[in-house]
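# Close look at the chain arrangement
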Amino acid sequence: VYKRRWYILITYSLFAMSQNGIWNTWGPISASSEEAFGWHDSTIAWLNNWGPVAYILLGLFYPWLLQVKGLRWAVVSSMLLLAIGAGLRCITSQSATATILIHAGHFFVGAAGPIAMGAIPTLSAIWFPPRERVTATALGSSIGVFGVALSFVLGPALVTESPPKNHTGNTTGLMNGYPLTDYVEIPQHSFQVAESANVTDARIRKEKDQIMRYMYYEGVWSLVLFLVILIYYPAKPPTPPCVSAVTERDEYWSGLWSLRRKGYFLVVALVYGISLGVVNCWSSVLYVNLKTINISEDTAGWIGFYSTIAASFASLLIGRFANHFARRMKLFILVLYTIGTGCFLVFTLMLIKIIPYSDILLWATIIGGTMFVNAAVPLMFELACELAYPTSEGAANGVLTYLNNVGGLFFLLVFSFPHVGTMWMNWVAIGSCLICIPLIGLLKGRFNRLEVDEGVHTEIYVEQTLNVESYDNPQNGSAHRSVQAVP
């Protein structure tokens, strides 16, 4: 093994982190961006939805590129798409043109998703020995998800200007020609205060300036990271870390087709696609959900931040622990999903006032649900690779992340229906996790890839005895000695 494997892992993880963060740009600043550009909640949902749309169009091509051309081609080209997508958003702040360019940019950002989401198991298999694979996958996933956490904090921190409370950005009520934008409450009385058009226009200009500064930061960061990866990012180490790393995989398309016959792999793919597709998109529009109970954009951002940070550390901790109990992944996943589903259920019951509301419970249930479900991600990646072997890691996890984006696409499409509300989001999140619990219980199967490596490593320590001629006896005698041979 080579020390540079950690550089390869960290660089890839920064790419994945950037893709996740840029994809989640608009949810944490939805109120400001809706007023600045004249958008609606459905616009925010569609900007997030370009990720799943692009993934569905390209999600099977990029795993092929990963297997046929190698890690360098796949990562460099994906990072280029991300840099292009981030750059398109920096061109103008004029509302109509900016809206078109931002939509186009987010398609390119989404096109970088297949490698950002699904290449980490392949990287782990190519660069890391078996005893480090789950840890490497967990570390890469954790850093990647950290991008979402950063967006929850950076967005509200950089875009501080926002419309007054109860202002929707598309005000229709007027008082003497001025928009009604805020409520003033006096005991036994409440009325709206009119805001002058000059004040509104000044605020919108400031919102646009802050948003564009945010776009410039993300654009420059993406360009710099692209250049770093372009300069040095080898496809594989000079010598493999284990036997399975050089064992020939099935040809991509035939291997992909063969997965239809691997029932337990398909169960893992369905669990990942149904639950994570919904839960991650549910998190990306968290403020849209929480503003119905008067939670501010800033507070929603911090809840999203701590949720993602908790998920990152939990997945890393679970992945490191599971390294020593690789054959108990099913049990870990089952426990995590059960607790996570319980958190989402308590959160929803609190919103419909069956359980008394409290700020502590709100934070705990959102952070807990997100953390426990996402902590299972590296385990499902590795379990899918084991059950799919000798089909390539890229093909196996390509299917998982493809179904994940299909689930996310349908979830976010619901926002296109008028007056749909937000409570449905929470029931769908509960159902998507709950239905997966019995599916996880059905899992069985052999750890095919692990058995290949364990078989080889076991043989290394088997002492073998060979009969060789003794160089100490020049006579024609038949003296022999016993030596150890390491295969």
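These figures come from a predicted structure and were not determined experimentally.

### Some thoughts on empty space enclosed by the protein
- Evaluated as defined, the whole model comprises five cavities of 30 Å³ or more.
- Of the voids in this model, the largest cavity is the one considered here, and its volume is about 550 Å³.
- Along its surface, the largest cavity is lined by 35 residues, and N20, M117, V145, V148 and N280 are the ones closest to its centre.
- Ranked by residue count, the leading element in the lining of the largest cavity is helix α12 (residues 263–284), at seven residues.
- Volume-wise, the second largest cavity comes out at about 60 Å³.
- Along its surface, the second largest cavity is lined by S141, S142, V145, A311, S312, S315, N374 and V377.
- Among the elements of the structure, α9 (130–158) and α14 (297–322) are those that each provide at least two residues to the lining of the second largest cavity.
- The residue makeup of the lining of the second largest cavity, split by class, is three nonpolar, five polar and no charged.

### Some points on the pattern of salt bridges
- All told, the structure shown has six salt bridges when counted by the stated rule.
- The salt bridge involving E132 is made with R5; its shortest N-O contact spans 3.2 Å. One end of the pair, E132, is in helix α9; the other, R5, is in helix α1 (residues 4–23), and 127 residues separate them in sequence. When sorted by exposure, E132 lands in the same class as R5, which is buried.
- One salt-bridge network, in which partners are shared between bridges, spans E35, R203 and E207.

### Points about unusual backbone geometry
- The backbone of N294 shows a phi angle near 65 degrees, a positive value even though the residue is not glycine.
- Of note, N294 is situated in the loop between α13 (286–290) and α14.
- Even without being glycine, H419 reaches a positive phi, approximately 55 degrees.
- Among the structural elements, H419 can be located in the loop between α18 (393–413) and α19 (423–434).

### Focus on α9
- Across its 29 residues, α9 extends 42 Å between first and last C-alpha, which sits within 8% of the 42 Å expected from 1.5 Å per residue.
- Maximal helix bending in α9 amounts to about 25 degrees, located at L150.
- Burial analysis of α9 places 21 of its 29 residues in the buried class, the great majority of the element.

### Considering a nonpolar patch on the surface
- Side chains of Y7, V220, L223, V224, L227, V228, L230, I231 and Y232 sit close together on the surface and give an oily, nonpolar patch of about 800 Å² of accessible area.
- With seven residues, the single largest contributor to the nonpolar patch is helix α10 (residues 197–231).
- Among the secondary structure elements, V220 is positioned in helix α10.

### Overview of the nonpolar core
- Residues Y12, F15, L123, Y337 and F411 are the most contacted members of the largest nonpolar core, which totals 104 residues.
- Broken down by element, the residue count for this core peaks at 11 residues, all from α12.
- Ignoring anything within four residues of it in the chain, the contact list for F411 reads V278, C281, W282, V285, W424, M425 and V428.
- Ranked by size, the runner-up nonpolar core spans 15 residues in total, among them I29, A36, I44 and V159.

### Remarks on the environment of A86
- One can find A86 in helix α5 (residues 71–88).
- Spatially, the C-alpha atom of A86 lies 9.4 Å from that of Y217, the residues being 131 residues apart in sequence.
- Ignoring anything within four residues of it in the chain, the contact list for A86 reads I22, V109, E218, G219 and S222.

### As for the packing of aromatic side chains
- Applying the stated criterion to the full structure yields 23 aromatic pairs.
- Here the aromatic rings of F411 and F415 are separated by 6.5 Å at their centres, their planes lie at 75 degrees, and the arrangement is edge-to-face. Of the two residues, F411 and F415, both sit in the buried class.
- Between the aromatic rings of F415 and W424, the centroid separation amounts to 5.4 Å while the plane-to-plane angle is 65 degrees, which identifies the pairing as edge-to-face. W424 shares its class with F415; the two are buried.
- We note K69 situated over the ring of W73; from NZ or CZ to the ring centre the distance is 5.7 Å.

### Here we look at the packing of α1 against α10
- Across the interface, α1 lies against α10 with an axial gap of 11 Å and an inter-helix angle of 155 degrees. Considering the angle they form, α1 stands roughly antiparallel to α10. Crossing angle aside, the handedness with which α1 passes α10 is left-handed. Of the residues in α10, those touching α1 at Y7, T11, L14, F15, M17, S18, G21 and I22 are E218, W221, S222, L225, V228 and I229.
- A class-by-class count of the residues in the contact of α1 with α10 yields nine nonpolar, four polar and one charged.

### Let's talk about the packing of helix α15 (residues 329–351) against helix α17 (residues 377–388)
- Between α15 and α17, the shortest axis-to-axis distance is 10 Å and the interhelical angle comes to 145 degrees. For the pair α15 and α17, the crossing hand works out as left-handed. Between α15 and α17, the residues in contact are M329, F332, I333, L336 and Y337 and L379, M380, E382 and L383, respectively.

### Topic: helix α3 (residues 41–58)
- Taking 1.5 Å per residue as the helical rise, α3 with its 18 residues ought to reach 26 Å, and the 26 Å between its terminal C-alpha atoms agrees with that figure.
- Taken as a whole, α3 carries its principal kink of about 35 degrees at N48; the proline P52 stands between one and four residues after it.
- Taken as a whole, α3 has its buried residues at T43, I44, A45, L47, N48, N49, G51, P52, V53, A54 and Y55.

### Here's the deal with the side chain of T137
- For T137, the position within the fold is in helix α9.
- Assessed through its relative accessible area of 0%, T137 is described here as buried.
- Those residues in contact with T137 that sit more than four places away from it in its chain are I120, P121, S124, P378, F381 and E382.

### Concerning the confidence of the model for the chain
- When pLDDT is averaged across the chain, the result is 82; 82% of the residues are at 70 or more.
- Averaged pLDDT values over the elements of the chain bottom out at 38 in strand β4 (residues 468–469) and peak at 96 in α5.
- pLDDT under 50 marks residues 168–191. Its contacts with residues more than four places away, or in other chains, come to 47 contacts.
- In the predicted structure, residues 456–487 sits below a pLDDT of 50 and forms 26 contacts with residues beyond four places in sequence or in another chain.

Rules behind the numbers
- Residues numbered from 1 in each chain as written.
- Predicted model: local features only at pLDDT ≥ 70, side-chain atom pairs only at ≥ 80, totals over all residues.
- Heavy atoms only, no water.
- 1 Å grid on protein atoms, 1.4 Å probe; cavity = no way out; pocket = protein on both sides within 12 Å on 5 of 7 lines; lining within 4 Å.
- Points joined across faces, edges and corners; volume = space filled by probe spheres on them.
- Helix = DSSP H or I, 4+ residues; strand = E, 2+ residues; numbered from the N terminus.
- Nonpolar A, V, L, I, M, F, W, Y, C, P; charged D, E, K, R; others polar.
- Salt bridge = Lys/Arg side-chain N within 4 Å of Asp/Glu carboxyl O.
- Buried < 20%, exposed > 50% of the residue type's maximum accessible area, 1.4 Å probe, protein only.
- Expected span 1.5 Å × (residues − 1).
- Bend = angle between axes of the 7 residues up to and from the residue.
- Patch = residues over 30% accessible without salt bridge, like charges linked within 9 Å, V, L, I, M, F, W, Y side chains within 5 Å.
- Areas by Shrake-Rupley, 256 points an atom, 1.4 Å probe, with all protein chains shown as cover.
- Core = buried A, V, L, I, M, F, W, Y, C linked by side-chain atoms within 4.5 Å.
- Contact = heavy atoms within 4.5 Å.
- Phe/Tyr/Trp six-rings, centres within 6.5 Å; stacked < 30°, edge-to-face > 60°.
- Lys NZ or Arg CZ within 6 Å of the ring centre and 35° of its normal.
- Axes fitted to C-alpha atoms, helices over the stretch in contact; angles between N-to-C directions.
- Parallel < 35°, antiparallel > 145°, perpendicular 65-115°, else oblique.
- Left-handed = near helix turned anticlockwise from the far one by under 90°.
- pLDDT = per-residue confidence, 0-100.

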